[in-house]
Amino acid sequence: MGGWPGARRLLRPAWLLSHLAVGALLVATINLGFWQLRRLDERRAYNALVEERAGAQPASLGDLLVGADPGELAYRAVEVSGVFDAEREVFVVNRTQAGLPGVHVVTLLVGESGVVAVDRGFVPRPVYVAGDPSVWAPPDTEVVMVGRVRSAGTNRGGNGAEVERVDATDLSARWGVELPSVYVESGAGVGAGAIPFGIPAPPLDEGSHLGYAVQWFVFFVIGLIGYPLVLVRLAREDPEADGADG
């Protein structure tokens, strides 16, 4: 060990703790990298499912709900018809579209096959704050529209007609009807004029998972190669030559 005068100090308790800490970090980084790859696989599977459902031939919502798990209908192309009840309407706040803040207008649609909440589209906040409901008023005649099935969530707050999200249970009690546990989202916008604007389909990108995975693997390689190189350099140094005590 004549060529490694500093090797013994690397076996001292403080250095042993350092070795354990670096080893734990290496295990963590490699696992985080593989976790991001799993997230990427999940995102790809989700995108494929959404694309398949959205590309299916539109079917009647009433027919789809018969004997089906509503949770398995999300993003399914669907056709609904009926008359909008503008007196039973809420606004989902804190929405953005094309970089603009605003709200989504959700209105009760009453048809022969039943009732359903319909997200008719996006209203920019300046228009909404102006407070003229005729701007986003629904047609007063029967409509036939194609949209996307969305799973209703849980509304945890709100103020009057303003809600955080579409909640079928809350709206059923609010409007005095029995709504299904899903609602319909319009991609074209349903109103008497240009507003509300249609809601774009959800983006089917892969997110940042691959980039994050690469970063974690790079950190792992840096640690795996760099730490031993540092130890070799220290082991070759004479701890007494510069007064080092480990």
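Our subject is the structure listed above.
Computed from a prediction, not measured in an experiment: that's the story for all the values here. Counting starts from 1 at the beginning of each chain's written sequence and moves along it residue by residue. Note on the predicted model: pLDDT of at least 70 is required for a residue's local features to be given, and 80 or more for side-chain atom pairs to be given and counted; whole-chain, interface and lining totals, by contrast, use all residues. Excluding hydrogens and water, the side-chain values take into account all heavy atoms of the structure.

Engineer: Outline the overall build of the chain, supporting the account with residue identities and numerical values.
Structural biologist: Put simply, DSSP marks the helices as runs of H or I at least four residues long and the strands as runs of E at least two long, and each gets a number from the N terminus on. Along the backbone of the chain there are five helices and eight strands. Going from the N terminus to the C terminus, the chain shows its helices and strands as α-β-α-β-β-β-α-β-β-β-α-β-α. Throughout, the radius of gyration refers to the C-alpha atoms, and the reference size of a globule is 2.2 Å times the residue count to the power 0.38. The C-alpha radius of gyration computed for the chain amounts to 29 Å, which surpasses the reference 18 Å derived for 246 residues by more than 25%, pointing to a less compact arrangement than a globule. With respect to the principal axes defined by its C-alpha atoms, the chain has extents near 95 × 40 × 30 Å. For the chain, with 246 residues in total, the buried portion stands at 36%. Taking the intrachain contacts of the chain between residues at least 6 apart in sequence as the baseline, contacts between residues at least 24 apart amount to 65%. Here the accessible surface of atoms and residues is derived via Shrake-Rupley with a 1.4 Å probe, and residues count as covered only by protein chains that are part of the display. Of the roughly 13900 Å² of accessible surface on the chain, 58% is carried by carbon and sulfur atoms. Treating the 20 positive side-chain charges of the chain as one cloud and the 29 negative ones as another, the clouds have centres 11 Å apart. Throughout, exposure labels follow a simple rule: accessible area from a 1.4 Å probe, protein chains only, divided by the maximum for the residue type, with under 20% read as buried, over 50% as exposed, and the rest as partly exposed. The contact criterion used is simple: two residues touch if any of their non-hydrogen atoms lie within 4.5 Å. This count recognises Lys and Arg as positive and Asp and Glu as negative, with His and chain-terminal groups excluded. For charged residues, the charge sits on one atom: NZ in Lys, CZ in Arg, CG in Asp, CD in Glu.

Engineer: Kindly report on the packing of aromatic side chains, identifying the contributing residues and their values.
Structural biologist: In summary, the pairing rule links any two rings of Phe, Tyr or Trp, Trp by its six-membered ring, whose centres are within 6.5 Å, and it sorts them by plane angle into stacked for under 30 degrees, edge-to-face for over 60 and tilted for everything else. Following the criterion strictly, the structure yields six aromatic pairs and no others. For the ring pair Phe91 and Tyr128, a centre distance of 5.1 Å and an interplane angle of 50 degrees mean the geometry is tilted. Here Tyr128 lies in helix H3 (residues 125-130) and Phe91 lies in strand S2 (residues 77-97), a separation of 37 residues in the sequence. Here Phe91 falls in the buried class, since its relative accessible area comes to 10%. Look at Phe91 and Trp136: their rings are 5.8 Å apart centre to centre, the planes differ by 85 degrees, and that puts the pair in the edge-to-face class. Placement of the pair is Phe91 in strand S2 and Trp136 in the loop between H3 and strand S5 (143-151), with a sequence separation of 45 residues. When its relative accessible area of 4% is taken as the criterion, Trp136 is described as buried. Each member of the aromatic cluster is reached from another via a ring pair, and the members are Phe91, Tyr128 and Trp136.

Engineer: Which residues make up helix H5 (residues 209-236), and what values do they have?
Structural biologist: Take the number of residues in a helix, subtract one, and multiply by 1.5 Å to get its expected span. For H5, which comprises 28 residues, the first-to-last C-alpha distance of 41 Å matches the rise-based estimate of 40 Å (1.5 Å per residue) to within 8%. Those residues of H5 that sit buried are His209, Ala213, Gly223, Tyr227, Leu231, Leu234 and Ala235. Looking at the buried positions of H5, the neighbouring elements they touch are helix H1 (13-55).

Engineer: Describe the packing of H1 against H5, and please don't skip the residues or the numbers.
Structural biologist: A fitted line through C-alpha atoms represents every axis, and for helices the fit uses only the stretch in contact; the resulting angles, taken between N-to-C directions, go from 0 to 180 degrees. Packing of H1 against H5 brings their axes to within 7 Å, and their N-to-C directions diverge by 160 degrees. With respect to their mutual orientation, H1 and H5 come out roughly antiparallel. Considering only the axes of H1 and H5, their crossing is left-handed. Under this grouping Gly is polar, as are all residues other than the nonpolar Ala, Val, Leu, Ile, Met, Phe, Trp, Tyr, Cys and Pro and the charged Asp, Glu, Lys and Arg. Residue classes in the contact of H1 with H5 are distributed as 19 nonpolar, seven polar and two charged. Orientation categories follow fixed angle ranges, with anything under 35 degrees roughly parallel, anything over 145 roughly antiparallel, 65 to 115 roughly perpendicular, and all other angles oblique. Definitions for this section: a left-handed crossing has its near helix turned counterclockwise from the far helix by less than a right angle. A right-handed crossing has that turn clockwise.

Engineer: Tell me about the pattern of salt bridges, residues and numbers included.
Structural biologist: Salt bridges are defined by distance alone: a side-chain nitrogen of Lys or Arg within 4 Å of a carboxyl oxygen of Asp or Glu. Applying the stated criterion to the full structure yields seven salt bridges. Put simply, Asp205 and Arg43 hold a salt bridge, and the shortest N to O gap is 3.3 Å. Within this pair, whereas Asp205 is found in the loop between strand S8 (182-186) and H5, its partner Arg43 is found in helix H1, the two being separated by 162 residues in sequence. Across the pair Arg44 and Glu206 runs a salt bridge whose closest N-O atoms are separated by 2.9 Å. Of this pair, Arg44 sits in helix H1 while Glu206 is found in the loop between S8 and H5, placing the two residues 162 residues apart along the sequence. Taken together, the salt bridges that share partners define one network made up of Arg148, Arg150 and Glu185.

Engineer: Got a sec to walk through a nonpolar patch on the surface? Specific residues and values, please.
Structural biologist: Think of a patch as exposed residues, more than 30% relative accessible area, with no salt bridge, where like charges cluster within 9 Å and nonpolar side chains (Val, Leu, Ile, Met, Phe, Trp, Tyr) cluster within 5 Å. Together, Leu210, Val214, Val218, Phe219 and Ile222 make up a nonpolar patch on the protein surface, roughly 450 Å² of accessible area in all. For Val218, the position within the fold is in helix H5. Val218 sits in the partly exposed class, given a relative accessible area of 40%.

Engineer: Report on unusual backbone geometry, specifying residues and quantitative values.
Structural biologist: Omega for the peptide link from Ile195 to Pro196 comes to 10 degrees, which places this bond in the cis form. On the secondary structure map, Pro196 appears in the loop between S8 and H5. With a phi close to 75 degrees, Tyr75 is a non-glycine residue in the positive phi region. Summarising the element assignment, Tyr75 is placed in the loop between helix H2 (61-65) and S2.

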